[in-house]
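# Breakdown of the fold
So you can see what is in the structure, the chains are spelled out below.
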Amino acid sequence: MAWNQPGGGNDNKDPWGSGGRNGQQGPPDLDEVLGKLQGKLSAMFGGKGAGSGNDDSSSSGGNMGFAGLGIVAVVLLVGWGLLGIYIVEPAEEAVVTRFGELNRTEGPGPHWAPYGIDGVQLVNVQLVRSADVGFRNLAGQGSVESESLMLTKDENIVDLQFAVQYRVKSAADFLFNVREPDETLRQATESAVREIVGKQTMDSVLTEGRSAVAEVARRAIQIILDRYGTGLLVMSVNMQQAQPPEPVQAAFADAVKAREDEERTKNLARAYAADIVPKARGEANAIRQQAFAYKERVVAAAEGETSRFLRILAEYQKAPEITRQRIYIETVESVLANTSKVMLDVEGGNNLTYLPLDKLMDSSRSSRNSSTGTKTNETVSSEGSSNIDELRRNRGGGNQRGRSR
């Protein structure tokens, strides 16, 4: 049977320890509960508790009140001290402010700062951050023409996009010297790059000068950031894109193609020149050497002929008739030595005998080869030569006889 049912055997008492009104069971009154709690707190902090009427109980309640205040104060003090403990990670740096003013910076490790008096801000100084200039890596947002279009020295417009990587080198300067360090870095990058591009030509910026522009821009950006005291360190500046503006890209592509064709034609011409010029120089040197050799040969032959003529002239002046006869004989001998025909002048006769030695030698050679097959062409030639020598000797003797007459 339930406790609040009649005849339940609980002497008509409720579970809160008080009887109900008019003998009825019910919950305690809220005012009564609050009154009891107030009485207990008053007794703890030195007041008079409800229903206490002597001095001893009052003095003991006062002692208990002071002890309770001490305990509460200690608990509050310990809790306040624990709230001031903070830990700085190895990659972080803590900036401590006292009543909003910069006080100090702390390195990695556990530290303590009075809670409510000092404020702590943790900054990751090892994190490499990135800032985009001329474009944004966001959904639905690409090129930013107000940042990317720049004027060159030759009054052309180029579209440049940069990505700057940096990190925090001074957490205090990063938090307190400038309001928006990231935006300051982006504006400093745009300003430095515009200054550098304004001193370069369009071809230089788009071709071989890209790396130079990025390096010079990195140094210029760091100088600007140090001047403003942003506490940032630029790690690298990367040129993501360098091209002419979109409306003129087709014309620029044609110009680039024409320039490449020009360069290719020049290379072909240089290759042809490198091939033909050495050959022409070699041929020219060969002709000069041949001309020099011909000159030396002709001069030497002329000098030899001159010397021979002078010697013959000296002999002619001594014996003109003998020298004349000798020259004649040598001339005839040199002429007849190259022919296989012999002419005989018979002394005392008017007939000139013609002896075809070439045909005689051919017939004799063929007959001998057919009969014996042992004689060679050298034997026939030696025999023909001996016959010619004999004829010359006979003619020489006839001439000497004619001269003696």
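What counts and how
Residues numbered from 1 in each chain as written. Predicted model: local features only at pLDDT ≥ 70, side-chain atom pairs only at ≥ 80, totals over all residues. Heavy atoms only, no water. Helix = DSSP H or I, 4+ residues; strand = E, 2+ residues; numbered from the N terminus. Buried < 20%, exposed > 50% of the residue type's maximum accessible area, 1.4 Å probe, protein only. Areas by Shrake-Rupley, 256 points an atom, 1.4 Å probe, with all protein chains shown as cover. Salt bridge = Lys/Arg side-chain N within 4 Å of Asp/Glu carboxyl O. Axes fitted to C-alpha atoms, helices over the stretch in contact; angles between N-to-C directions. Parallel < 35°, antiparallel > 145°, perpendicular 65-115°, else oblique. Left-handed = near helix turned anticlockwise from the far one by under 90°. Contact = heavy atoms within 4.5 Å. Nonpolar A, V, L, I, M, F, W, Y, C, P; charged D, E, K, R; others polar. Pairing = 2+ DSSP bridges. Core = buried A, V, L, I, M, F, W, Y, C linked by side-chain atoms within 4.5 Å. pLDDT = per-residue confidence, 0-100. Phe/Tyr/Trp six-rings, centres within 6.5 Å; stacked < 30°, edge-to-face > 60°. Patch = residues over 30% accessible without salt bridge, like charges linked within 9 Å, V, L, I, M, F, W, Y side chains within 5 Å. Polar contact = N/O pair within 3.5 Å; in protein donor to acceptor, adjacent residues only side chain to side chain.

Attention shifts here to the overall build of the protein chain. On a plain count of helices and strands, the protein chain comes out with 11 helices and 13 strands. Expressed as a percentage of the 405 residues in the protein chain, the buried residues total 22%. Taken as a whole, the protein chain presents about 28,100 Å² of accessible surface, with 55% of it coming from carbon and sulfur.

Okay, the pattern of salt bridges next. Evaluated as defined, the whole model comprises 17 salt bridges. Residue K199 is joined to E195 by a salt bridge in which the shortest nitrogen-to-oxygen separation is 3.8 Å. In this structure K199 comes out as exposed when scored by relative accessible area, which is 61%. One connected set of salt bridges, linked through shared partners, spans R98, R104, E106 and D118.

With that settled, consider the packing of helix α5 (residues 181-197) against helix α7 (residues 210-228). Across the interface, α5 lies against α7 with an axial gap of 9 Å and an inter-helix angle of 135°. In terms of axis orientation, α5 runs oblique to α7. In the packing of α5 onto α7, the handedness of the crossing is right-handed. Within the contact between the two elements, α5 uses T184, L185, A188, T189, A192, V193, I196 and V197 and α7 uses V213, V216, A217, A220, I221, I224, L225 and Y228. Split by residue class, the contact of α5 with α7 holds 14 nonpolar, two polar and no charged.

Let's shift gears to the pairing of strand β2 (residues 92-98). Note that β2 and strand β5 (residues 118-124) share seven bridges and pair antiparallel. Bridged to E92 within β5 is N124. Relative to strand β3 (residues 101-106), β2 runs antiparallel, the two sharing five bridges. Considered in β3, the bridge of A94 is made with E106. Between β2 and β3, which follow one another and run antiparallel, lie two residues, and F99 among them has a positive phi close to 55°.

With that settled, consider the nonpolar core. Grouped together as the largest cluster of nonpolar side chains are 33 residues, with contacts concentrated most on L160, F162, L185 and V197. For this core, the secondary structure elements donating two or more residues are β6 (129-133), β10 (157-168), α4 (171-176), α5, α6 (202-206), α7 and β11 (232-243). In this view, L160 contacts V133, G134, S148, M150, V193, V197, V205, M239, Q241 and A242; residues no more than four positions away in its chain are not counted. Listed in part, the five residues of the second largest apolar core include V88, A94, V96 and A113.

This part covers the confidence of the model for the protein chain. Here the protein chain averages 76 in pLDDT, and 69% of its residues register 70 or above. Taken as a whole, residues 373-381 scores under 50 in pLDDT and shows nine contacts with residues more than four places along the chain or in a different chain. In this model, residues 395-405 is a region of pLDDT below 50 whose contacts with residues beyond four sequence positions or in other chains number six contacts.

What follows is about the packing of aromatic side chains. Taken as a whole and judged by the stated rule, the model has one aromatic pair. Consider the rings of W80 and W112, whose centres lie 6.0 Å apart with planes at 85°: the pair is edge-to-face. With W80 in helix α2 (residues 55-83) and W112 in strand β4 (residues 109-112), this pair connects stretches of sequence that are 32 residues apart. Accessibility expressed as a relative area gives 32% for W80, which makes it partly exposed.

Moving on, we get to a nonpolar patch on the surface. The grouping of V74, L77, V78, W80, L82, L83, I85, F99, W112, Y115 and I117 at the surface amounts to a nonpolar patch, some 1,100 Å² of accessible area in total. Broken down by element, the residue count for the nonpolar patch peaks at six residues, all from α2. Tracing the chain through its elements places L77 in helix α2.

Here the focus is the sheet that holds β5. Across a sheet, paired strands are connected by hydrogen bonds in the backbone, their directions being either parallel or antiparallel. Reading across from one edge, β3-β2-β5 is the order of the three strands in this open sheet, with antiparallel pairing throughout. The open sheet has two edge strands with one neighbour each: β3 and β5. Between one strand and the next, the sheet's axes are offset by a mean angle of 25°, whatever the strand orientation.

Okay, the side chain of T184 next. With respect to the helices and strands, T184 occurs in helix α5. A polar side-chain atom of T184 sits 2.8 Å from the main-chain carbonyl oxygen of E180. Sequence-distant contacts of T184, defined by excluding residues within four places in its chain, comprise V178, Y228 and T230.

Running from N to C, helix α8 (residues 249-318) and helix α9 (residues 320-336) point in directions that differ by 135°, and their axes come no closer than 6 Å. Regarding the angle of α8 to α9, the classification is oblique. Packed against α8, whose contacting residues are R308, I312, E315, Y316, Q317 and K318, the element α9 presents P320, T323, R324, I327 and E330 at the interface. Classifying every residue of the contact of α8 with α9 gives four nonpolar, two polar and five charged.

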